[in-house]
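# Reading the structure
If you want the building blocks of each chain, they are given just below.
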Amino acid sequence: MSNEWPLWEVFIRGQHGLSHRHVGSLHAPDAQLAIKNARDVYTRRNEGVSIWVVKASDIAASSPGHKGPLFEPSNSKVYRHPTFFDIPDEAGRM
Amino acid sequence: MYAQEVKSTGAAPKSLADMSAEERAFQERIDADIKIEPKDFMPEGYRKTLIRQISQHAHSEIVGQLPEGNWITRAPTLERKMILLAKVQDEAGHGLYLYCAAETLGVSRDEMTEQLLSGKAKYSSIFNYPTLTWADIGAIGWLVDGAAIMNQVPLQRCSYGPYARAMVRICKEESFHQRQGYAIMMKLARGTDAQREMAQDALDRWWWPSLMMFGPSDGDSVHSAQSMAWKIKQNSNDELRQKFVNETVPQAEYLGLKVPDPDLRWNEAKQGYDFGPIDWNEFHEVLKGNGPCNAERMAARRKAWEDGRWFRDGLTAHARKAPARKMAAE
């Protein structure tokens, strides 16, 4: 059995109330040390107020081959954007 | 640079007409500046070249901690010591970002460590020179990190997403490194005669090895041509070296220090400095392992890896046992 520590993906919430954002990855033997290492590597300059770590092997990802079927349907649905609708100036601010 | 003479496929880049449909689609994405991501199709040569380049870059960050670490306990003030500690800690982080970027290409961290420790993988020639005085810490930040920035800024636009993103983080931090080095040089250059001499001596010893960091002229190299076609290298070595000289000479003049090159002259026509020939024999000897500190650096890395083994294994064993213990207690 390999003694290489598992890979963890690191997510940090910044100062201004935004969502946690993926910042990188690291190796650690367990979740507790993954958080400690993430603190040392990814928040050395006040980058965050909260850390999530997830084992990389636990992440399910969409495959690049499915890009078409997954994302193309939204291309033709421009009416999902507010700018699709012309509202006359006379109607006031909206 | 931190990655010097990275070998690619050894063949000239293929023309679009000679490529398979998959390869052509790949090259067209690169030409359109669309990033390549880990799960996307990529030619085997692209993957291998990137692993070589990124791991060499990562090894350089890690080995690069050694010459500077030499001065942590001897920094002249507590403030300087804290700053140097922070810088060396950054270098470890840079190594980590880069190893992780390489891992997305299917090579494991242990394989890369093994390649460094066995001498199979290279690291930058610059870290095989000794740090003899405190001024060397200034010269390294100013010149070595300065030269690294020249190469790393364009790498932020590299075609491989994970590498480009790692470079964005690194470049942000690298600027602190260069400035802290120059600040040390300014202090010494304005100090006593002995301190000025120390600063000049450091510049004398680090100038040429810094120019060598960019690697030999690569105008005709098929490896460079392929790497450039794949956008994992953006500028020629000579181009970056010239840019470095142009920016650094005025900084040396500001310090009142003399660049150790009798042929150095401003060339009005090319709007840049002409400079003397580089001793490529020295460069190749250092790369081959015959530099002043190659053996010492590798011995230090091997010792760190061996001495840390019981600790890494202990943490692994604990991580395996902890869930069972927790369940038994509940």
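Below is a short write-up of the structure.

Reading the values: the criteria
- Residues numbered from 1 in each chain as written.
- Chains lettered and ligands numbered in written order.
- Predicted model: local features only at pLDDT ≥ 70, side-chain atom pairs only at ≥ 80, totals over all residues.
- Heavy atoms only, no water.
- Helix = DSSP H or I, 4+ residues; strand = E, 2+ residues; numbered from the N terminus.
- Buried < 20%, exposed > 50% of the residue type's maximum accessible area, 1.4 Å probe, protein only.
- Axes fitted to C-alpha atoms, helices over the stretch in contact; angles between N-to-C directions.
- Left-handed = near helix turned anticlockwise from the far one by under 90°.
- Contact = heavy atoms within 4.5 Å.
- Nonpolar A, V, L, I, M, F, W, Y, C, P; charged D, E, K, R; others polar.
- Salt bridge = Lys/Arg side-chain N within 4 Å of Asp/Glu carboxyl O.
- Phe/Tyr/Trp six-rings, centres within 6.5 Å; stacked < 30°, edge-to-face > 60°.
- Patch = residues over 30% accessible without salt bridge, like charges linked within 9 Å, V, L, I, M, F, W, Y side chains within 5 Å.
- Areas by Shrake-Rupley, 256 points an atom, 1.4 Å probe, with all protein chains shown as cover.
- Lys, Arg positive; Asp, Glu negative; His and termini not counted.
- Charge placed at Lys NZ, Arg CZ, Asp CG, Glu CD.
- Core = buried A, V, L, I, M, F, W, Y, C linked by side-chain atoms within 4.5 Å.
- Pairing = 2+ DSSP bridges.

Residue and element names in this part refer to chain B. Among the secondary structure elements, Lys172 is positioned in helix H7 (residues 161-189). The class of Lys172 is exposed, set by a relative accessible area of 67%. Taking the C-alpha atoms as reference points, Lys172 and Ile149, 23 residues apart in sequence, are found 9.8 Å from one another.

Right, let's talk about the packing of helix H6 (residues 134-155) of chain B against helix H10 (residues 237-255) of chain B for a bit. Residues and elements named next belong to chain B. Across the interface, H6 lies against H10 with an axial gap of 10 Å and an inter-helix angle of 145°. Handedness of the H6/H10 crossing: right-handed. Taken together, the residues of H10 that come into contact with H6 (itself represented by Trp142, Leu143, Gly146, Ala147, Met150, Asn151 and Pro154) are Leu240, Lys243, Phe244, Glu247, Thr248, Gln251, Ala252 and Leu255. In terms of residue class, the contact of H6 with H10 is built from 9 nonpolar, 4 polar and 2 charged.

So, about the pattern of salt bridges. Where charged atoms of side chains with opposite charge meet at close range, the side chains can pair. Residue and element names in this part refer to chain B. Tallying each qualifying case throughout the model produces 25 salt bridges over all chains. Residue Glu296 pairs with Arg297 through a salt bridge whose shortest N-O separation is 3.8 Å. We classify Glu296 as exposed; its relative accessible area is 52%. The partner of Arg309 in a salt bridge is Glu306, and the shortest N-O contact between them spans 3.0 Å. Given a relative accessible area of 36%, Arg309 falls into the partly exposed group.

Turning next to the packing of aromatic side chains. When we look at a pair of aromatic rings, we describe it by the centre distance and by the angle of the planes. Residues and elements named next belong to chain B. Enumeration according to the criterion identifies 15 aromatic pairs over all chains in this entry. Considering the side-chain rings of Tyr46 and Tyr160, the 6.5 Å spacing of their centres and the 75° angle between planes classify their relative orientation as edge-to-face. Of this pair, Tyr46 sits in helix H2 (residues 44-63) while Tyr160 sits in the loop between H6 and H7, and the two are 114 residues apart along the sequence. On the basis of relative accessibility, which here comes to 0%, the residue Tyr46 falls in the buried class. The interplanar angle of 70° and the centroid separation of 5.7 Å between the aromatic rings of Trp310 and Phe311 together place this pair among those described as edge-to-face. On the basis of relative accessible area, Trp310 is assigned to the exposed category, the value being 64%. For Phe311, a relative accessible area of 47% gives the class partly exposed.

Residues and elements named next belong to chain B. A grouping of Lys7, Lys48, Arg52 and Lys120 is seen on the molecular surface, where their side chains present a positively charged patch. For Lys120, the location among the structural elements is in the loop between helix H5 (109-117) and H6. The exposure class of Lys120 is exposed, given its relative accessible area of 65%.

Take the nonpolar core next. Residue and element names in this part refer to chain B. Judged by nonpolar contacts, the single largest core of 52 residues is most densely connected at Trp134, Trp142, Leu143, Val144, Trp206, Trp207 and Phe244. Contributions of two or more residues to this core are made by helix H4 (78-103), H6, H7, helix H8 (193-212), H10 and helix H11 (280-290). In terms of residue count, H6 provides more of this core than any other element does, 11 residues in total. Ignoring any residue separated from it by four or fewer positions in sequence, one finds Val144 in contact with Tyr2, Ile126, Phe127, Ala139, Trp206, Ser210 and Met213. Counting residues in each nonpolar core, the second largest holds 41 residues, with Leu96, Ala101, Ala102 and Ala166 among its members.

Residue and element names in this part refer to chain B. When you line up the elements, Gln27 lands in helix H1 (residues 21-31). Taking the relative accessible area as the measure of exposure, Gln27 reaches 9% and is therefore buried. Setting aside residues no more than four positions away along its own chain, Gln27 makes contact with Leu16, Met19, Ala229 and Trp230.

What follows deals with the pairing of strand S1 (residues 7-13) of chain A. Residue and element names in this part refer to chain A. With 5 of 7 residues buried, S1 is to be regarded as a mostly interior element. Relative to strand S2 (residues 21-27), S1 is paired through 6 bridges, and the arrangement is antiparallel. By the bridge assignment for S2, Leu7 is matched with His27. Relative to strand S3 (residues 50-55), S1 runs antiparallel, the two being bridged by 6 bridges. Residue Val10 lies in a different strand from S3, and its bridge partner there is Val53.

Time to look at a nonpolar patch on the surface. Taken together, the side chains of A:Val78, A:Tyr79, A:Phe84, A:Phe85, A:Ile87 and A:Met94 present a nonpolar region at the surface, about 680 Å² in accessible area. Assessed through its relative accessible area of 45%, A:Val78 is described here as partly exposed.

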